Structure formats: C-alpha cells, structure tokens
Amino acid sequence: MSFHTEHITAAPVLVHRHEIDSTQQLAADLGKDGSPHLSCVVADIQTKGRGRMGRLWVTYPEDALACSVIIRDQPQTLPLLIANVLADVLEVFCKDKMGIKWPNDILHSGKKVAGILCESFTDKAGERFYVVGTGININTPQERGDMPAIALQDIAGKAFSREEILQEYLSALFSALEVHSQEGFKAFYKDYMARCQTIGKKVRWPSAQGEKYGIASHLDETGSLVIETETGQEVCHSAALIEDL
Ligand code: BTN
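Predicted model, so just to flag it, every value in this text is computed and none were measured.

Draft legend 1. Just the state of the cysteines, in detail. Inspection of the entire model under this criterion finds zero disulfides. For Cys40, which is in no disulfide, the shortest distance to another cysteine sulfur is to Cys67 and amounts to 4.9 Å. For Cys40, a relative accessible area of 1% puts it in the buried group. There is no disulfide at Cys94, and the cysteine sulfur nearest it, in Cys67, is 16 Å away.

Draft legend 2. Geometry of the nonpolar core. Counting residues in hydrophobic clusters, the biggest one holds 56 residues, and the most contacted among them are Leu90, Ile106, Ile136, Leu152, Leu166, Tyr169 and Tyr192. The element that contributes the greatest number of residues to this core is helix α2 (residues 78-94), accounting for twelve residues. Filtering out sequence-adjacent residues up to four positions away, Tyr192 remains in contact with Leu80, Ala83, Asn84, Ile100, Trp102, Pro103, Phe185 and Leu219. The next biggest cluster of nonpolar side chains, apart from the first, holds eleven residues, and it includes Ile20, Ala43, Ile70 and Phe121.

Draft legend 3. Examining unusual backbone geometry more closely. Look at the link from Trp102 to Pro103: it is a cis peptide, with omega at 0°. Following the sequence through the fold, Pro103 ends up in the loop between β4 (99-101) and β5 (105-108). Positive phi is not limited to glycine here, since Leu38 has a value of about 80°. Following the sequence through the fold, Leu38 ends up in the loop between α1 (23-32) and β2 (40-46). With relative accessibility at 14%, the residue Leu38 sits in the buried group. At Met53, a residue that is not glycine, the phi angle is positive and equals roughly 55°. Within the secondary structure, Met53 is located in the loop between β2 and β3 (64-71).

Draft legend 4. Region of interest: the site of the ligand. Near the ligand you find 20 residues, and of these Ser22, Gln46, Arg50, Arg52 and Lys112 are the closest. Measuring from an oxygen atom of the ligand, one finds a backbone N or O atom of Arg50 at 2.6 Å. Within the backbone of Arg52, an N or O atom sits 2.6 Å from an oxygen atom of the ligand. For the ligand, whose unbound accessible area comes to 420 Å², protein coverage reaches 99%.

Draft legend 5. Broad picture of the sheet that holds strand β7 (residues 128-137). Ordered in space as β1-β2-β3-β7-β6-β5-β4, the seven strands form an open sheet in which the pairing is mixed. Looking along the sheet, the strands with just one partner apiece sit at the ends: β1 (14-20) and β4. Averaged over all pairs of adjacent strands, the angle between strand axes in this sheet comes to 20°, irrespective of strand direction. Here eight bridges tie β3 to β7, and the two strands are oriented antiparallel to one another. The residue bridging Ala66 from the neighbouring strand is Gly135, located in β7. Together, β1, β2, β3, β6 (111-122) and β7 form the strand contacts of α1, whose direction differs from that of β7 by roughly 155°.

Draft legend 6. Here's a closer look at the pairing of strand β9 (residues 210-219). Pairing geometry for strand β8 (residues 202-207) and β9, over six bridges, is antiparallel. Looking across to β9, one finds that Pro206 is bridged to Glu211. Relative to strand β10 (residues 225-229), β9 is paired through four bridges, and the arrangement is antiparallel. Residue pairing across strands places His218 opposite Val226, the latter belonging to β10. Between the end of β9 and the start of β10, which pair antiparallel, lie five residues, with Gly223 showing a positive phi angle near 90°.

Parameters and conventions
- Residues numbered from 1 in each chain as written.
- Predicted model: local features only at pLDDT ≥ 70, side-chain atom pairs only at ≥ 80, totals over all residues.
- Heavy atoms only, no water.
- Disulfide = S-S within 2.5 Å.
- Buried < 20%, exposed > 50% of the residue type's maximum accessible area, 1.4 Å probe, protein only.
- Core = buried A, V, L, I, M, F, W, Y, C linked by side-chain atoms within 4.5 Å.
- Helix = DSSP H or I, 4+ residues; strand = E, 2+ residues; numbered from the N terminus.
- Contact = heavy atoms within 4.5 Å.
- Near = heavy atom within 4 Å.
- Polar contact = N/O pair within 3.5 Å; in protein donor to acceptor, adjacent residues only side chain to side chain.
- Areas by Shrake-Rupley, 256 points an atom, 1.4 Å probe, with all protein chains shown as cover.
- Pairing = 2+ DSSP bridges.
- Axes fitted to C-alpha atoms, helices over the stretch in contact; angles between N-to-C directions.

Keep in mind these values describe shape, not function.
Following this line, the structure appears as structure tokens:
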C-alpha cells in the first residue's frame, strides 16, 4: 500500500522514499546541504537501517514506520525528550500506558515497541545539527536482537495507518521542542520519570576498565544515568551500552 505524503502537513520539508538504505543517511546528507530544522525523511523499506550500538534496523513495508527528523536547536536531553513525546503519542493511539527503558526505548509489557537513534553531524556551513531517527513497530513486531518486540497492533488489537502516526508524532515533537526551548526538560521530567523502568534496576555498561555493574539510581540534570556501584557513584551517558540484567 502506498504512503500518502499529502496527509503529513506537520513537517516543513517531507521527503518520502519507497526504498532506501537508511532514512538517517538521507536526512544527514540533506542536513549537510542546509535542509531546514524539522525536515523529515520517511521510507517504506529500509535495507540498512541503523539501530543503536551498531545494530541493523531493517524495515518492511506496512509493518513499521521509519523516519528521521533534522533538529537544528538541540537540547542536551534530546534523546529523553523524544522518548517522552513518542510515548505520549503511542499511548493516545493504543489507549494504554507505555514505559521507557533509559534512555529512549519505548516499551509495552516488557517488550520494545519503538527505538530512537539520535546522531549529530556538521553541515557545510560548519553548524552542528542532529538527526533523530525513529522506528516504530506498527503492525508487525520485528525482533532486532536487543530485546523482545511488540507492535501497536498487538497492543490495541487493530491495524494503524503510518501516515496518521507520523502526523501526530511530528506535531507533538515540534510542540515539545517549543516548550523545551522555553522551559527546559523540567517540563517533561515528571512524565519521563513516571515511565522510566530503568531506575532501581541492576545494570551493566562497558568502561575503559572493563564491564561495570551497579544499580540505576537517578538521572542528573543532563539526562545521564547515575549508577550506584560498590565503589561509589558513576555516570553513564546515553551513548554508552546499558542493559537491564
Ligand atoms: C534502536 O536501536 O533502538 C534505535 C533504532 C532506530 C531506527 C530508526 S528507523 C528510522 C531511522 N533510520 C535508521 O537507519 N535508523 C532510525
């Protein structure tokens, strides 16, 4: 079934491809050439989609939504902000609560519904910009090797339109970025923490001294995870590998 771009009015620039290697790659290339803040690339099929920690994120038509948005004013807590926005939107569609695995996996019943990848690039004018990639399991869950998967259809018992979800997600994202620029992440902190399922869990992550273990304690003001270890507190940044045990 084709994708109707005319239904997506939220993005100032929308590029749709039927098949692509990765929407992240095209969005990064467009951003380097000066494509504006909030430009969006969406594809039906991704053959070399990028997941976090170098994982492959292949997307099949009708099963999932794969999109990447260019963000030119970046809050430090962008990965957390995006997760909170997406959880809000998916809760409305599914009429059920979503959880977040720090920093930005969206979960339902302990399974992954959606993943988010935030990457930074520099454009030809030397300005830094960010590409936020989002993959949502809409009608079929794809197991991607990090954790069990679930789709919106499994949760709500009905199929969803990718266009409708993209339109709502982009509108919510753009409004949240506005609020964030006025009030900062504190406007979203309570909601994020209510959803965050990582706090209090045993976690592990790699460090220069080898793998470390601890209990996730809280988030600092930058959104990094503070972990209690046997030798004191450690801070884990969102780019690092972190897993619940
Ligand atoms: C994760 O590993 O959880 C993050 C997955 C992010 C996948 C999305 S799909 C759209 C965009 N294009 C990509 O190549 N990756 C992201």
